[in-house]
Amino acid sequence: MARLWICILPTYLAFSPPGKTPFHVWFEEPQPRYAQKWSSYLEVYDRYLSKFRNSSCSLLELGVQSGGSQLMWRDYLGPKSHIYGIDIEPAVTEMSQARITNFIGDVGDPAFLTSVCERIGHVDAIVDDASHDIGTSYKPGYGGGWRSEDSFVEFAKAKIDELQAFWSCSGSVVSDRRGRCQQGALEVPISSFTRSSSAIHIHDGLIVFEKHYKEPAISLETGLKRLPKRFEGYSAYRPHLADWTPPEGSCKVPQPFELDIIHESFRSRANQTFSEHVESFMNHVSAMGAAELRQKCGEIMSVLQDGLHWSAFGMDFTLLQLKRRSVSVEWNASTETPLARFLRSTERDVREVLDWYFDKRGTFHPLVLVDLIYRNRWRPTPQALRFARARDALQLQREGFVRFEDFGLDLAWLQTEASAAFAASASTSLVQAKQVRLQSLEPLLKDYGILELTAFYLGADVEVTGYKLLRVREGTTRADYISSFWHHDNCGSRLKLFVFLQDVGEDGYYTEIARGSQSLAYYWYGPAHMSRFDDASVEASFSIEKILSRRGGGFLFDTNTIHRAKVEGPGQLRDAVIVELANAHKMHAGIPAQGPCPEPKTYKVSHVSFPFPSGRGFRQRRPGF
C-alpha cells in the first residue's frame, strides 16, 4: 500500500525479459535485514531501473524502515552505485555503511529535503516508500477515498494535464518552444513540470514519473501519397429519439434521460413533462442550421470527452472540473455578485451543456450554476479547520453525509419539550411536523464544529434558517409519507441535520442515502413528480447507506443526494429534530424559489450564521457540479 514514486532522469528505458527478475531472486535468498515489498512492484522496479545496473548511479529511498531494501538496491545496482535514505527513525543512522548513507528527518519538510538534495547532489532515481499514498488514496481512515481530491492518485491524474500542456492550444496548433500558440490560446499553463516530465506510468499500486527536459514536439512528415482527413459525426441518441432525423450533415449527442427511472406512482404526470421536453428539444435542434448544429455537437462532445459524466438521473461535473480546474471565483468588496462574475468568467462550453440538456427556458440554470460556483470555490484543506474534524469534512464531500454519535444535548430536556409539543396537537396523522421553539436545542445551533463543517462543504457563509420536529408513527406506509420514495429535495446543494430522540435501528423508520449522488445536477428541478425515483433504478446505480443511530445522535447530509425514509414493515415511533442549514449567498441570489428551498413549516431562526473559513492554508478546490 506504499506509494512508490520513481523519478528517472535519463531519456531511454531498458526492459528486462519477462519472468523472474533479480529482485525475485534476492527475495528468495536469506537476507541479514528485514525488507518488505509487494510482489507487483518487482517487475516494475526491474523495468525502470535495469539500465542503471553496474553504473555509478545514485538512488534515494524515502522510508528506510529496517534497512533491508537498501541492501536490495545496492546488490541490484552493483558496486559503482550509492544508496541514500531518509527516515524519521534515528536508529537508521546505524545502518549507514559502505555505499549507503542515511539522513534523519521528515520527508514532508521542504527545507529538510532541500538540504538533503544539496548534500547528495545528482540523483538518478527516487523511490518514495514513506508516504504510503497509493493504497491510502482509497482509504477514508487515512483521509483518502475514491475520487478524494486530497489523495495522491487524484494529484497524479491532475498532473496528466500539466504533462500535456504543450498540446493544449485552443486552435489545435502545438505551441512553440517558448510556450506560445501559433493559433488560439493555451488551455493548460506550461509549468516547470511540463518541461521536466516526459511520462507518467500508472501501475498496480505504483506510479512512476519519468523525468527529463523536453520542448514541444515538432511534426515529422514523409511519403508522397496522402489521403484527406475526415470528420465523422457521433451517433448516440437514445431510443426515444431514434425516429427523429436531424438536419443533414449534423452529428448527434447523447440524450441519456430515461423515463423508467421515475417511480411508477408518478410516471403518468412525468410522461407529460418528459414529452414536452423532448418536443422542445427537437424544435430547438431543428431550428439550427447544419453548420451551427455541427459546431454545437463539437462543443458538447468536447465536454463529454473531457470527463463530464451522465446517467439517467443527471450529470456529474466532478471529473470535468478535476481535469480543467477552470472555475476559480473569489469574493471581494465588489458590487458584482458571485453569480455574475462566474457567468462572465466561466468556460462557454459548460453553459452550452446546460442549454442543451436542461430546461430550454433556462429556469433552473441559476440553481445549477450557483452550486457550481460554491462547490468549486477554493477552500482550506480539511486539516486546517479549527472546529470541525477533518475526517467528517472528507466524508461529507465524498459521500454526501456524515454521522454523529452524540450531539451532547440535554436529551431529557429535549424529550420533554418535544413531548409537550406533540401532546398539544390534536392531529392523528401518522406523519406530523411541528413548528415550535426548543430551548434545549440552542447549544446545537451554535456548535462551531457543525457550522464550520457546513460552511466548508457549501463553500460559503452559512445560516441556520430554521428547524422542526418530525414524528413518524407506527404503521406509516408510503401512501402516508411522500418522502418515503427515493428523491432529492429540488434545492440543489443544501444541508439538513437530523437529531434522533429514540434509538433508530433496523426495526425502525430510518433514512437511506445513495452514496455520492450529492454531486449530480439533475435534469429536472422543480416538479416533484420528476424527482421521485424507482427503487430498483436507484439501488442498481448507487451504493445505499442505512443511517442508524442511538438516541441523541444523528446525521448531517446534503439534500441533493437521492434519499428516502424507509417505512416498509411494522416500524417503531421515530421523533427527530430537523435543522435547516443553507448557503447564505444562495439564499439571497435571486434564483427560483426551489434554490434555497427553505421548509415552510419550520421554526424560523435568526442571527445564527457562520463565515466561510478563510485565511488558513487555502490550497484546495472541491470539484463538484
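Rules of the game
Residues numbered from 1 in each chain as written. Predicted model: local features only at pLDDT ≥ 70, side-chain atom pairs only at ≥ 80, totals over all residues. Heavy atoms only, no water. Pairing = 2+ DSSP bridges. Helix = DSSP H or I, 4+ residues; strand = E, 2+ residues; numbered from the N terminus. Salt bridge = Lys/Arg side-chain N within 4 Å of Asp/Glu carboxyl O. Buried < 20%, exposed > 50% of the residue type's maximum accessible area, 1.4 Å probe, protein only. Axes fitted to C-alpha atoms, helices over the stretch in contact; angles between N-to-C directions. Parallel < 35°, antiparallel > 145°, perpendicular 65-115°, else oblique. Left-handed = near helix turned anticlockwise from the far one by under 90°. Contact = heavy atoms within 4.5 Å. Nonpolar A, V, L, I, M, F, W, Y, C, P; charged D, E, K, R; others polar.

1. Some points on the sheet that holds strand β9 (residues 314-316)
As summarised here, the arrangement of the three strands in space is β8-β9-β17, forming an open sheet in which the pairing is antiparallel. With one partner strand each, in any of the chains shown, β8 (309-310) and β17 (520-522) form the two edges of the open sheet. Taken together, the two bridges between β8 and β9 define a ladder with antiparallel strand orientation. Residue pairing across strands places His-309 opposite Asp-316, the latter belonging to β9.

2. Some details on the pattern of salt bridges
Taken as a whole, this structure holds 23 salt bridges when the rule is applied. Between Asp-489 and Lys-496 there is a salt bridge, with the nearest N and O atoms lying 3.5 Å from each other. Comparing Asp-489 with Lys-496, the two get one shared label, buried. Among the charged side chains, a salt-bridge network with shared partners connects Arg-478, Glu-512, Asp-535, Glu-539 and Arg-564.

3. What to know about the packing of helix α2 (residues 39-49) against helix α3 (residues 68-77)
Where α2 contacts α3, the axes come no closer than 12 Å and their chain directions differ by 45°. As summarised for this structure, α2 and α3 are arranged oblique, according to the angle between their axes. Taken as a pair, α2 and α3 cross one another with a handedness that is right-handed. Contacts from Tyr-45, Asp-46 and Leu-49 in α2 reach Met-72, Trp-73, Tyr-76 and Leu-77 in α3. Its residues assigned to classes, the contact of α2 with α3 shows six nonpolar, no polar and one charged.

4. Thoughts on the sheet that holds strand β4 (residues 100-104)
Strand order in the open sheet formed by four strands is β4-β3-β2-β5, and the pairing between neighbours is parallel. Since the sheet does not close on itself, it has two edges, and those belong to β4 and β5 (125-128), each with one partner. Each strand of the sheet is rotated relative to its neighbour by a mean of 20°, with strand direction disregarded. Pairing of strand β2 (residues 58-62) with β5 involves four bridges; the strand directions are parallel. Considered in β5, the bridge of Glu-61 is made with Val-127. On top of the sheet, α3 reaches β2, β3 (82-87), β4 and β5; it is set at about 160° to β3, its chief contact. This element, helix α4 (residues 110-120), spans β2, β3 and β4 of the sheet and lies at about 155° to β4.

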